[in-house]
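Residue-level structure breakdown
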Amino acid sequence: MQIRIEKTSNPKAKPDPSTLGFGKIFTDHMFLMNYDPENGWHDARIVPFQNLSIHPASTVLHYGSEIFEGLKAYRRADGKVQLFRPLENIRRLNNSAERLCLPQIPEADALEALTTFVKTEEAWTPSAEGTSLYLRPFLFGNDESLGVHTVHHALFIIIASPVGSYYPEGINPVRIMIEDQDVRAVRGGTGYAKCGGNYAASNRAGERAAQKGYSQVLWLDGVERKYIEEVGAMNVMFLIGDEVVTPKLTGSILPGITRKSCIEILQKEGYKVSERLLSVDELSQAMKDGTLKEAWGCGTAAVVSPIGELLYKDQKYIVNEGKIGKLTQHLYDTLTGIQWGKTPDTFGWTYQL
Ligand SMILES: *Cc1c(COP(=O)(O)O)cnc(C)c1O
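In what follows, the accompanying structure is described. Note that the structure is a prediction, hence the values are computed from the model and not measured.

Regarding the pairing of strand 3 (residues 40–48)
Judged by how many residues are buried, strand 3 sits mostly within the fold: seven of nine residues are covered. Bridge count between strand 2 (residues 29–36) and strand 3: seven bridges; the pairing is antiparallel. Of the residues in strand 3, the one forming a bridge with Phe31 is Ile46. What sits between the antiparallel neighbours strand 2 and strand 3 is a turn of three residues.

Here you go:
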């Protein structure tokens, strides 16, 4: 693949690492590539970061044909920059594309786009504790017509944003509300695809939880509203007795790479890990009889986020006295150790640039 690189003549000043936050500041460049049926993917280019100009009838604006990914570039202590399991993100992007009838990208091309772009923006990878360069690849339908049909024209873009530590004040357990009204996804729908529409549909429940003082919702399955699915935009895990339980991927759950990595770490260390159906009744029983030891969400942004309280139908349950559990902390330390290159990567997950 040929990638044309047009460097900015007007580089921005790098931000103060203490003011980064999440996704507010963008780097100097962006990667773009177009798709049409005659040429396939073409015109791969890295150009100065700029606004897009799209037709008002563009498919994405009317019919929501959009998918995305989220991953990070990490600055190691030796100054080098590395990615974490980037091929997993590329494969998931293509699975999402397949579900939404968007064109897929050959893995090698997507990886080359990503690595060439990160190399161009390498100096934007911050080095302060817990900071990283967040990468947001996204792909959307861009036909200039209101007819409803599968997409013929698409754009693939990667932008990057230096982000601060998710836990500037240390890891504090979050309060979660079990949502029994809205559902995020149903089997046969788009739950396993990382598409923007899933987020649009989940905002209302998130708002309601926030009004009650809860930071995320825990989603139940869309058919019986009985089985635990995910928490907010993270996968969820529970330590019940000596078994780590995480909902199995039934089609309505996003297959998180952090989830997969937690499972692989735990299995390697000899823990009993079950990917299975977990009903909210089983969970409340475990909370009542004290066998629920720990609960945590997992995803790229937070890595691991301990759950300190669960609310279900006006009944409050405190998990592990509202403190981060030992296993949760261990997973956090193991994953961040590998991601920032502080501990040896015995899994072969890191990808050095
Ligand atoms: C992205 C995402 C996750 C976490 O996936 P990771 O690959 O671990 O970042 C979980 N749930 C939803 C709904 C997501 O969009």
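Structural notes on the site of the ligand
Taken together, the neighbourhood of the ligand is formed by 14 residues, with Lys194, Tyr199, Glu230, Thr258 and Thr300 sitting nearest. Interatomic distance of 2.8 Å between a side-chain N/O atom of Arg92 and an oxygen atom of the ligand. Contact distances for the ligand include 2.6 Å between an oxygen atom and a side-chain N or O atom of Tyr199. Here the ligand, which alone exposes 380 Å², has 96% of that area covered by the protein. Its residues assigned to classes, the shell around the ligand comprises five nonpolar, five polar and four charged.

Remarks on the side chain of Lys194
By secondary structure assignment, the location of Lys194 is in the loop between strand 9 (174–178) and helix 4 (196–211). For the buried residue Lys194, which engages in no salt bridge, the nearest side chain bearing the opposite charge is Glu69, 5.7 Å off. If sequence neighbours within four positions are ignored, Lys194 has contacts with Ile67, Phe68, Glu69, Gly70, Arg92, Ser96, Tyr199 and Leu254.

A closer look at the packing of helix 5 (residues 257–268) against helix 7 (residues 326–339)
Relative orientation of the contacting elements helix 5 and helix 7 amounts to 105°, with a least axis distance of 11 Å. Our classification of the angle between helix 5 and helix 7 gives roughly perpendicular. For the pair helix 5 and helix 7, contact is made by Thr258, Ser261, Cys262, Ile265 and Leu266 and by Leu327, Leu331, Thr334 and Leu335, respectively. Residues belonging to the contact of helix 5 with helix 7 are distributed by class as follows: six nonpolar, three polar and no charged.

Details of the packing of helix 2 (residues 86–99) against helix 3 (residues 107–120)
Helix 3 packs onto helix 2 with a crossing angle of 125° between their chain directions and a minimal axis gap of 10 Å. Between helix 2 and helix 3, the interaxial angle falls into the category oblique. Crossing handedness for the pair helix 2 and helix 3: right-handed. On helix 3, the residues that touch Pro86, Leu87, Ile90, Arg91 and Asn94 of helix 2 are Glu107, Ala110, Leu111 and Leu114. Tallied by class, residues from the contact of helix 2 with helix 3 come to six nonpolar, one polar and two charged.

Quick notes on unusual backbone geometry
Look at Arg225: it is not a glycine, yet its phi comes out positive at around 50°. Assignment of secondary structure puts Arg225 in the loop between strand 10 (216–220) and strand 11 (228–231). For Arg225, a relative accessible area of 39% gives the class partly exposed. Phi at Asp314 is positive, roughly 65°, even though this residue is not glycine. With respect to the helices and strands, Asp314 occurs in the loop between strand 16 (303–312) and strand 17 (315–318).

Some details on the side chain of Thr27
The topology assignment puts Thr27 in the loop between strand 1 (4–5) and strand 2. Residue classification places Thr27 among the buried residues on the basis of a relative accessible area of 0%. One polar contact links the side chain of Thr27 to the main-chain carbonyl oxygen of His29, over a distance of 3.4 Å. Excluding residues within four positions of it along the chain, Thr27 makes contact with Lys12, Phe49, Phe117, Glu121, Trp124, Leu133, Ala160 and Pro162.

Overview of the nonpolar core
In this structure, Ile228, Phe238, Trp296 and Leu310 are the most contacted members of the largest nonpolar core, which totals 49 residues. If we ignore the near neighbours within four places in the chain, the residues touching Phe238 are Leu218, Ile228, Glu243, Val244, Val245, Leu278, Leu283, Leu292, Glu294, Ala295 and Trp296. Of all hydrophobic cores here, the second largest spans 34 residues; its members include Leu83, Leu111, Val118 and Leu139.

A word on the environment of Asp314
Judged by its relative accessible area of 69%, Asp314 falls in the exposed class. Distance in space between the C-alpha atoms of Asp314 and Glu179 is 11 Å, their sequence separation being 135 residues.

Brief notes about the pattern of salt bridges
A side chain with one charge can pair with a side chain of the opposite charge if their charged atoms come near. Throughout the structure, instances matching the rule amount to 21 salt bridges. Across the pair Asp43 and Arg4 runs a salt bridge, and its minimum N-O distance is 4.0 Å. Taken together, the residues span a long stretch of sequence, with Asp43 in strand 3 and Arg4 in strand 1 at a distance of 39 residues. The exposure class of Asp43 is partly exposed, given its relative accessible area of 39%. Under the relative-accessibility criterion, Arg4 is labelled partly exposed at 42%. Two residues, Glu69 and Arg92, come together in a salt bridge whose shortest N-O distance is 2.7 Å. Of this pair, Glu69 sits in the loop between strand 4 (66–68) and strand 5 (71–75) while Arg92 sits in helix 2; the two residues are 23 residues apart in sequence, bridging distant segments of the chain. Summarising the burial analysis for this pair, Glu69 and Arg92 share the class buried. Through salt bridges with shared partners, a single ionic network connects Arg4, Glu6, Asp43 and Arg45.

Criteria and thresholds
- Residues numbered from 1 in each chain as written.
- Predicted model: local features only at pLDDT ≥ 70, side-chain atom pairs only at ≥ 80, totals over all residues.
- Heavy atoms only, no water.
- Buried < 20%, exposed > 50% of the residue type's maximum accessible area, 1.4 Å probe, protein only.
- Helix = DSSP H or I, 4+ residues; strand = E, 2+ residues; numbered from the N terminus.
- Pairing = 2+ DSSP bridges.
- Near = heavy atom within 4 Å.
- Polar contact = N/O pair within 3.5 Å; in protein donor to acceptor, adjacent residues only side chain to side chain.
- Areas by Shrake-Rupley, 256 points an atom, 1.4 Å probe, with all protein chains shown as cover.
- Nonpolar A, V, L, I, M, F, W, Y, C, P; charged D, E, K, R; others polar.
- Lys, Arg positive; Asp, Glu negative; His and termini not counted.
- Salt bridge = Lys/Arg side-chain N within 4 Å of Asp/Glu carboxyl O.
- Contact = heavy atoms within 4.5 Å.
- Axes fitted to C-alpha atoms, helices over the stretch in contact; angles between N-to-C directions.
- Parallel < 35°, antiparallel > 145°, perpendicular 65-115°, else oblique.
- Left-handed = near helix turned anticlockwise from the far one by under 90°.
- Core = buried A, V, L, I, M, F, W, Y, C linked by side-chain atoms within 4.5 Å.

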